[in-house]
Amino acid sequence: GGDPVISGEAWTTSAVNLRSGPSTGHQVLRVVPNGAKIGVSTTVQNGFRYVNDQGQTGWMADAYIGSTSDGSQPDPVISGEAWTTSAVNLRSGPSTSNQVLRVVPSGANIGVSTTERSGFLYVSYQGQTGWMSTAYIAYRDGGSQPGDDQGGNYRTTTTALNLRAEPSTSAKILTVMPAGAKVQLLHTGVGSFGNVNYNGMQGWAALEYLQ
């Protein structure tokens, strides 16, 4: 069939690639700057929306498109994984006044996007999407997040200590940190484990052996 119809307007929320097709494998036609006004269609494939930038049509990741002229907004793209550090509300919108959809338990594995508003991150849990306070989210891959104490909160290991991939004694051991190693405590964590950064590697360590 023909090309999708451009039927609305929006703007970019970051510098973003305009591609020839709906995937990261397609050619980059140009880089559209942050805050650019674009024409948008209702056609979305693989997380990419068909758009028009200054007369050039192509495909752009929905995660970087702001509200459309009719007040609607494409859902952000879930692109990573994280853990909850406490029981936390999953809400219908990015504020404490929005409806609580469910309570997500501590230590739950969640899908996360890069879209953060007013201290809330767009996430998914067991197939349900919504917004969650960033204060209760710890990343699995070492990436930073709103609320991380990147400026300090260092601890020292009191013995040789396993750095694990997940907050469990049965989880994969990423490395063994020597006694006296300096680590950054990112979150007090899940149960008896804390989420820490050791020499650029993020994982989980028993809190009783950190001082």
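Residues numbered from 1 in each chain as written. Predicted model: local features only at pLDDT ≥ 70, side-chain atom pairs only at ≥ 80, totals over all residues. Heavy atoms only, no water.

## Re the pattern of salt bridges
This structure, assessed with the given rule, holds 3 salt bridges. For E9, the salt bridge goes to K37, with nearest N and O atoms at 3.3 Å. You can see E9 sitting in strand 1 (residues 8-11) and its partner K37 sitting in strand 4 (residues 37-45), a full 28 residues away along the chain. Residue E9 is classed as partly exposed on the basis of its relative accessible area, which comes to 41%. Overall, the relative accessible area of 57% leaves K37 in the exposed class. D62 serves as the salt-bridge partner of R49, at 2.9 Å between the closest nitrogen and oxygen. Of the two residues, R49 sits in strand 5 (residues 48-53) while D62 sits in the loop between strand 6 (56-61) and strand 7 (80-84), which places them 13 residues apart along the sequence. Here R49 and D62 have matching classes, each one buried. (Salt bridge = Lys/Arg side-chain N within 4 Å of Asp/Glu carboxyl O. Helix = DSSP H or I, 4+ residues; strand = E, 2+ residues; numbered from the N terminus. Buried < 20%, exposed > 50% of the residue type's maximum accessible area, 1.4 Å probe, protein only.)

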